[in-house]
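# Breakdown of the fold
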Amino acid sequence: MKFTKPSWVMHKDLSSKSDASPKRLSIFSVHVHPDGSRIATGGLDAKVRIWSTKPILNAASEASNKPPKSLCTLTMHTGPVLCVRWAHSGRWLASGSDDEIVMIWDLDPMAKGKVWGSDEVNVEGWKPLKRLPGHESDVTDIAWSPGDRYLASVGLDSQILIWCGYTLERLRKIDQHQGFVKGVCWDPVGEFLATQSDDRSVKIWRTTDWQLEAEVVKPFEDSPGSTFFRRLSWSPDGAHITASNATNNKGFVFIAAVIARNSWTSEISLVGHENTVEVAAYNPHIFLRNPSAPVVTSNICSVVALGADDRSVSVWQTKSARPLIVAKEVFERQIMDLSWSWDGLTLYAVSSDGTLAAFSFDPEELEGIAPHSAQQQYLQKFGFVPPPLPEGYSHTVVQGRSDQRITPPPSPTPSHAPQNVNGFDGSVDVNGVDGGEKINKLVAKRKTAKRVQPTFIGSLGGAGPSSAAAVPSAAVTSASFAEPIPTTMSLPPHSHGHSHSTSPLIGPGMAASPPEISPFSPPLVRRPSETDVSMHMDVPIDAIDSAGMDGSGKGKRKSSALDLPDERPTKARTLGGDRVRENKPVVVKEIRAREVSTAVGAAASLGRLTVFEVPPLLTYLNVRVGDMGDDVLEGKNAEDSSVTEVVYLAGKQTQWLDFLPSPVITLAATGCFCAVGMLDGNLNVYSPTGRSMKIDADAYTGLGNKLSVRQQIVAYRFDIDWNALLLER
């Protein structure tokens, strides 16, 4: 086993005064892309960051910075990002945050380049596909179901929300937990969903009607309630759930509880950690006790990793009473999340100390590893029939089908209709499936370029972390083994048939896999070795571009839904880009009247020459964009302060939109930039394509804490003329 801890994987504190050694911020979540080429992390800086895995696992790649270490930084969230999860298809990335929002991201080849307002460079672009509001507090965990049929999210509002994995519409709200819900996982069969909460219980839900199947409380009666998460995991054979934050001996022994399927009892405990277990994560492969024997229940075991508050990581094989390895004190603070690569050979761990570690195994070290095809064949014995897919939707392209739609669905709009039994608008049939799922018959665009790959922009070299000098990783080639690992079994030969090699992107969000390949089972990826010198600047995604190759591997495009004729110009997809402008007249209401504050005098006494009153807070504001014809910048404030959005409109089409944490009080726009002044004293500046940069109130007032936020707004509100002057400069 090889242990690596790359120092360049970090979420920075941008307010840190030292650029040479910026302060590390906590990393709350990590997840590996199904093809193993990249990982996503979420942190305290409210950002999602995507990293290439090759520099982590390959010293030569790390030293040469090929491919670039940092691939993309996503900045749509307004609070710490607590969870990131790739869809099984590899097409989408879901993130959950303290801002109560689940965000779905999709690849956008046109969005790469320097991040406006910072020194970072996006080697590849990921755009917000859809914003999923619904939670009333922090979103702590999210999980995709097998085949990406559903997406489940849980949070500190004690609620479980179920979303359609295709239309991204809300299907169900479950609120039977009596405490913060801090963990969620799916049965690999697709029959059940499990959640874990601070009410000291694990609840299992049926996916056929979303009703409670069972509740497990015994191992958690004395569990502490102070942990960040209670992340649990379901074994790949569907036989067990391993739940974190359990105890024995009246709370004096910290364990992970193993819950058996069907009986829903916990007779097995994983004992050894010296503090609370925070997260459990199963290896996605099943393992065979006897590799030469058939794949039957008695011959199957699993590998599970645990991360705890004692700063250690342990890896267990369920056929043994002792762990395979225990890596002690690999971090300075508690472990927040764990994630296995799809090939089952690399385990990634992140900590609240702001660092990431990778445990890389040789195939011989994990005895009895079986291919994913064996798992899929074994799961068929359960006889579970998943619900039908929404008509016209698929995460893969079936040759000869021209009616498939993969275009992003529109963002949800507020509705005042009464709620039905699913907790949201829309009808529910007898199986609990939302009859209100909207199938958006949108035509996919044809890309003009036949080959589009995310490549590094050389002119921006040295501007961001992706071009930074290589920082040597603290790598050791051995670890303290609690028990010797057998070395009699190697990975099946077919698992080495793929690598991070070139294959063309045929379009954002399109998984054009051959019909015989299941979206739940992407091909295994060969891990980069120390001697692998075939390093490229681009990092292709198998789930999106591999099917564009013909048998000769020359990158010939196959016929797909993207080949439909379309006269519309190609443009980058942004949040709200498919929303059509409403033609109904806008009724402007005054939420709060214009105020005259004593801050005017206070500001004047500090020597400022220009002082403005706070404008009235209206439900709707707009301003025409200078030199851009009929283009309009609009601000919309909800009367109940629930949603505030700014929208850029060109004619009848929405070009981009953004959701703001504070109501809009003033707007300004030119052909180069747009500016939005908010009630909390902050200013957002946007490029023509919707990239934003937030300017805090202190950055342009210079008053610090001498005045309240309201006083700062009174004293320093930009009016339209001043905004235009600022933007022109």
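Just so we're clear, the structure is a prediction, and the values are computed from it rather than from any experiment.

Conventions used here
- Within any chain, residue numbers begin from 1 and follow the written order of that chain's sequence.
- Residue-level local features of this predicted model are given only where pLDDT is at least 70; pairs of side-chain atoms are given and counted only at 80 or more, and the full residue set underlies all totals for whole chains, interfaces and linings.
- Hydrogens are left out, water is left out, and the side-chain values use all remaining heavy atoms of the structure.
- Note on ring pairs: Phe, Tyr and Trp rings are taken, using the six-membered ring of Trp, and paired if centres are within 6.5 Å. Classes follow the plane angle, with under 30 degrees stacked, over 60 edge-to-face and the rest tilted.
- Helix numbering and strand numbering both begin at the N terminus, where a helix is a DSSP run of H or I of at least 4 residues and a strand a DSSP run of E of at least 2.
- In this scheme, a residue with accessible area under 20% of its type's maximum is buried, one over 50% is exposed, and one in between is partly exposed, where area comes from a 1.4 Å probe on protein chains only.
- UniProt positions are given in the numbering used here, feature names are shortened, and annotations may be inferred rather than shown by experiment.
- A pair of strands is labelled paired if DSSP reports no fewer than 2 bridges between them.
- Under the rule applied, a polar contact is a pair of N or O atoms within 3.5 Å (in protein, one hydrogen donor and one hydrogen acceptor; residues adjacent in sequence only if both atoms are side-chain atoms).
- The quantity called pLDDT is the predictor's confidence in a given residue, expressed from 0 to 100.
- Contact criterion: two residues are considered in contact whenever any of their non-hydrogen atoms come within 4.5 Å of each other.
- Here, nonpolar core means buried Ala, Val, Leu, Ile, Met, Phe, Trp, Tyr and Cys residues that are tied together by side-chain atoms lying within 4.5 Å of each other.
- By convention in these notes, a salt bridge is any Lys or Arg side-chain nitrogen within 4 Å of a carboxyl oxygen on Asp or Glu.
- Every axis in this analysis is a line fitted to C-alpha atoms, fitted for helices over the stretch in contact. Angles between the N-to-C directions lie between 0 and 180 degrees.
- For this quantity, the arc is that covered by the directions from the helix axis to the C-beta atoms.

## What about the packing of aromatic side chains?
Tallied over the full model, the rule gives 15 aromatic pairs. Where Trp234 meets Trp264, the ring centres are 6.1 Å apart and the plane angle is 90 degrees; that geometry is what we call edge-to-face. Here Trp264 lies in the loop between strand E24 (253-260) and strand E25 (268-271) and Trp234 lies in strand E22 (residues 233-234), a separation of 30 residues in the sequence. The same class applies to Trp234 as to Trp264, namely buried. When the ring of Trp340 is compared with that of Phe361, the centres are 6.0 Å apart and the planes differ by 25 degrees; the resulting orientation is stacked. Within this pair, whereas Trp340 is found in strand E32 (residues 335-340), its partner Phe361 is found in the loop between strand E34 (356-360) and helix H3 (372-379), the two being separated by 21 residues in sequence.

## Side note on the UniProt feature "repeat: WD" (unreviewed entry) in the chain
If you check UniProt for "repeat: WD" (unreviewed entry), the listed places come out as residues 27-52, 74-108, 132-163 and 174-205 in our numbering. In the segment residues 74-108, helix accounts for 0% and strand for 54%; the C-alpha atoms at its two ends are 12 Å apart. Secondary structure content for residues 132-163 is 0% helix and 53% strand, and the end C-alpha separation is 9 Å.

## Digging into the pairing of strand E42 (residues 664-669)
E42 sits mainly inside the fold: six of its six residues count as buried. Relative to strand E43 (residues 674-678), E42 is paired through five bridges, and the arrangement is antiparallel. Paired with Leu667 across the two strands is Val676, which belongs to E43. Where E42 folds back onto E43 in an antiparallel hairpin, the turn is made up of four residues.

## Topic: unusual backbone geometry
Cis geometry is found at the peptide bond from Lys66 to Pro67, where omega equals -5 degrees. Along the chain, Pro67 falls in the loop between helix H2 (59-64) and strand E7 (70-74). A positive phi angle is found at Glu100, which is not glycine, with a value near 75 degrees. Checked against the element boundaries, Glu100 lands in the loop between strand E9 (92-97) and strand E10 (102-107). Here the phi dihedral of Arg311 falls at roughly 70 degrees; this positive angle occurs in a residue that is not glycine.

## With respect to the side chain of Arg230
Relative to the elements of secondary structure, Arg230 occurs in the loop between strand E21 (212-216) and E22. At 2.7 Å, the side chain of Arg230 and the side chain of Asp198 are in polar contact.

## Notes on the confidence of the model for the chain
Model confidence for the chain is summarised by a mean pLDDT of 74, while 66% of its residues fall at 70 or above. The model gives residues 397-421 a pLDDT under 50, and that stretch makes 59 contacts with residues more than four places away or in other chains. Every residue in residues 596-600 scores below 50 in pLDDT, and together they form six contacts with partners more than four places removed in sequence or on other chains.

## Brief notes about the nonpolar core
In this structure, Val313, Val315, Leu338, Trp340, Leu347, Phe359 and Phe361 are the most contacted members of the largest nonpolar core, which totals 26 residues. Of all elements in the fold, only strand E26 (277-282), strand E29 (303-308), strand E30 (313-317), strand E31 (325-327), E32, strand E33 (346-351) and E34 reach the threshold of two or more residues within this core. Sort the elements by how many residues they give to this core and E32 lands first, with three residues.

## A word on the environment of Asp99
Among the secondary structure elements, Asp99 is positioned in the loop between E9 and E10. Residue class for Asp99 comes out buried when judged on its relative accessible area of 18%. Considering only alpha carbons, one finds Asp99 and Gly79, 20 residues apart in sequence, at a separation of 4.9 Å. In contact with Asp99, other than residues within four places in its own chain, are His77, Thr78 and Gly79. A polar contact is formed between the side chain of Asp99 and the side chain of His77, at a distance of 3.0 Å.

## Considerations on the pattern of salt bridges
Per the counting criterion, the structure on display carries 18 salt bridges. A salt bridge links Glu634 to Lys636; the nearest nitrogen and oxygen atoms lie 3.9 Å apart. Using a relative accessible area of 5% as the deciding quantity, one classes Glu634 as buried. Through salt bridges that share partners, Arg85, Asp141, Arg231 and Asp337 make up one connected network.

## A short note on the sheet that holds E10
The strands making up a sheet associate through backbone hydrogen bonding, with each pair oriented either parallel or antiparallel. Judged by pairing direction, the sheet is antiparallel, and its four strands sit side by side in the order E8-E9-E10-E13 without closing on themselves. Two strands bound the open sheet, and with one partner strand each, they are strand E8 (81-86) and strand E13 (126-132). Strand-to-strand, the axes of this sheet are offset by a mean angle of 25 degrees, without reference to chain direction.

## Digging into the pairing of strand E17 (residues 170-174)
Two elements, strand E16 (residues 160-164) and E17, share four bridges in a ladder whose sense is antiparallel. Bridge assignment links Leu161 to a residue of E17, and that residue is Lys173. Turn length for the E16-E17 hairpin, with the two strands adjacent in sequence and antiparallel, is five residues, and the turn residue Leu168 shows positive phi of about 65 degrees.

## Points about H3
Listed in full, the buried residues belonging to H3 are His372, Ala374, Gln375, Tyr378 and Leu379. The buried residues of H3 occupy one face: seen down the axis, they fall within an arc of 155 degrees. In H3, those exposed residues whose orientation departs by more than 90 degrees from the buried face are Ser373 and Gln377.

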